[in-house]
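Geometric and topological summary
If you want the building blocks of each chain, they are given just below.
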Amino acid sequence: DSCLGATAMDAEAWTQFALPELPFASKEAAAEFLGLPAGDRDDLERVKAAYRRMCLRCHPDKNRGPHEAKAADAFRAVTAALHTLTTVNFDFARWSRNFTIPPMQSLEDVLLLALRGADPDEIEAMLRKRGDYRPHPEFGINLAIPWSAGGREAPTWEVPDQSEFNTTAQLGHSGAGAALVVRPGDTAGDILSRLGEDRALGASEDRPWERVGGRGFEGSGGTGAAYTAPALRPDLDATSPEAAAEADRLNDESIEAFRGKAFRRAMDLGREAARLAPGSAVYRVNASAAALKAGKPHDAARLAVEACDLDPAYSKAHLRAAQAHLAIGARGTVRKAIAEFTRALDLDPESAAAKKGRKEALLTWEADFEDEPSDDD
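Numbers given for residues are sequential positions, taken from 1 along each chain in its written order. Whole-chain, interface and lining totals are the exception, using all residues; otherwise, since this is a predicted model, local features are given only for residues with pLDDT of at least 70 and side-chain atom pairs are given and counted only at 80 or more. Computation of side-chain values: all heavy atoms of the structure, hydrogens and water removed.

The next point concerns the nonpolar core. Note on terminology: a nonpolar core comprises buried Ala, Val, Leu, Ile, Met, Phe, Trp, Tyr and Cys residues joined through side-chain atoms within 4.5 Å. Partly exposed residues are those whose accessible area sits between 20% and 50% of the maximum for their type, while under 20% is buried and over 50% is exposed, using a 1.4 Å probe and protein chains only. The biggest cluster of nonpolar side chains holds 27 residues, and the ones touching the most others in it are Trp-14, Phe-33, Leu-34, Leu-36, Val-78 and Leu-85. For helices the rule is a DSSP run of H or I covering at least 4 residues; for strands it is a run of E covering at least 2, with both sets numbered from the N terminus onward. Of all elements in the fold, only helix H2 (27-33), helix H3 (44-58), helix H4 (68-86) and helix H5 (92-98) reach the threshold of two or more residues within this core. Broken down by element, this core gets its largest block of residues, nine residues, from H4. Membership of the second largest hydrophobic core comes to 22 residues, among which are Ala-243, Ala-257, Tyr-283 and Ala-300.

Set out below in structure tokens:
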């Protein structure tokens, strides 16, 4: 009777769904409600994956209409099951008095994240991880398609003269109120003032299902200090006499920046080293690690795949490719991550990072995509 699967339940599923009696009589009862096999009940990662899977299906914001109240009760039970399994001496009565269901975010909230300076790759990772948004495949190609087009269903869009930002079906609560209209000449400040500066945004402790599986980002973004790009060598190419020495120097600087947690700088330096040394898999792997830490999983994946092509027996290249593909979080890339982690373990069976990553990728696949039809179905 559990609401397994990452998509919202249909009317028939809700009719058949039986709410449990709360509080749960035992940890076994809570685990059974989460759909956990007996052998997985002490595995925290599998417990979290099952919890996330049910949250993304039972959340009332994804089940508007006649079943919304039942979805709210189900979500409450899902959360109670998690605490029963993971909290020592869980006080259900006290928790129940204070628990409120955190709303999902609307697309207007996501726009505000972008306006406040959050990284686009991080925003995309959050949307994909949440499981309720897919960008329209023609967005950015066909200028008639607004940024908010997309979703699990294919809505029909009528685009007026002005760009109208409406919340897509299944994307969560209508926290922004009426549709946001962006007018010609609007600045980011104008839009922010209409949206409201005090909006709670981004991944948070109130939305733990958004962080299970190791994907997404911490915090809600922000402008922060302006980034100053490092001095590179555009005057050189791979055939220049001093290219090899410069690539080595840039790679060393990249490593130092990485150690100092200046990940964007480390990424830029590493990419320049790789450009000047097109045959170096090591430089690409280093740059890939920095790109991943900088919140640029697509760049990280490209660099790591190039390293794999240069040296197919380089286990760390396959490990970085796997980590980057998992961070992107799309169905196809999670599948690639599993394959790359497996290849990394074939080359280095003792790699703790590859073992942990493969388990995480398998859990992510199970929680987010196993029950979804594939693109070929």
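This part covers the pattern of salt bridges. In the sections that follow, a salt bridge refers to a side-chain nitrogen of Lys or Arg positioned within 4 Å of a carboxyl oxygen of Asp or Glu. Taken as a whole, this structure holds 16 salt bridges when the rule is applied. The salt bridge involving Arg-233 is made with Asp-235; its shortest N-O contact spans 2.6 Å. Overall, Arg-233 belongs to the partly exposed group, its relative accessible area being 22%. Overall, the relative accessible area of 52% leaves Asp-235 in the exposed class. Two residues, Glu-306 and Arg-284, come together in a salt bridge whose shortest N-O distance is 3.1 Å. Of this pair, Glu-306 sits in helix H12 (residues 297-310) while Arg-284 sits in helix H11 (residues 281-293), and the two are 22 residues apart along the sequence. We classify Glu-306 as partly exposed; its relative accessible area is 29%. Here the salt bridges do not stand alone but share partners, grouping Arg-233, Asp-235, Glu-246, Arg-249 and Glu-253 into one network.

Moving on: H3. One turn of the α-helix equals 3.6 residues, which is why residues spaced by three or four share an orientation. Taking 1.5 Å per residue, 15 residues should reach 21 Å; H3 reaches 21 Å between its end C-alpha atoms and fits that length. The buried fraction of H3 amounts to 11 of the 15 residues, a majority that puts the element mostly inside the structure. Within the span of H3, buried status applies to Val-47, Ala-49, Ala-50, Tyr-51, Arg-52, Arg-53, Met-54, Cys-55, Leu-56, Arg-57 and Cys-58. Polar contact criterion, stated in full: a pair of N or O atoms within 3.5 Å, where within protein one must be able to donate a hydrogen and the other to accept it, and residues adjacent in sequence count only if both atoms are side-chain atoms. Between a side-chain oxygen at the N-terminus of H3 and the backbone nitrogen of Glu-45 the separation is 3.1 Å; the capping residue is Asp-43. Any helix carries an expected span of 1.5 Å times its number of residues minus one.

Of the consecutive residues Leu-22 and Pro-23, the connecting peptide bond is found in the cis state with omega at 0°. When you line up the elements, Pro-23 lands in the loop between helix H1 (11-16) and H2. One non-glycine residue, Asn-89, adopts positive backbone phi at about 55°. According to the relative accessible area criterion, Asn-89 is exposed, its value standing at 74%. Even without being a glycine, Lys-261 presents a positive backbone phi close to 65°. As for its position among the elements, Lys-261 is in the loop between helix H9 (243-259) and helix H10 (263-276).

The next thing to look at is H12. Look at H12: 20 Å from first C-alpha to last across 14 residues, which is about the 20 Å you get at 1.5 Å a residue. Turning to H12, its buried residues are Pro-297, Ala-300, Ala-301, Leu-303, Ala-304, Ala-307 and Cys-308.

So, on to the packing of aromatic side chains. Note on aromatic contacts: the rings of Phe and Tyr and the six-membered ring of Trp form a pair at centre separations within 6.5 Å, being stacked when their planes are under 30 degrees apart, edge-to-face when over 60 apart, and tilted otherwise. Counted by the stated rule, this structure contains eight aromatic pairs. With centroids separated by 5.4 Å and ring planes inclined at 85°, the aromatic side chains of Trp-14 and Phe-17 adopt a geometry described as edge-to-face. Relative accessible area serves as the criterion here: at 1%, Trp-14 is assigned to the buried category. Their ring planes at 80° and their centres at 6.3 Å tell us that Phe-90 and Phe-92 sit as a pair that is edge-to-face. For Phe-92, a relative accessible area of 16% gives the class buried. What links up through ring pairs into an aromatic cluster is the set Trp-14, Phe-17, Phe-24 and Phe-33.

Everything listed here is a matter of coordinates, which is why it stays silent on function.
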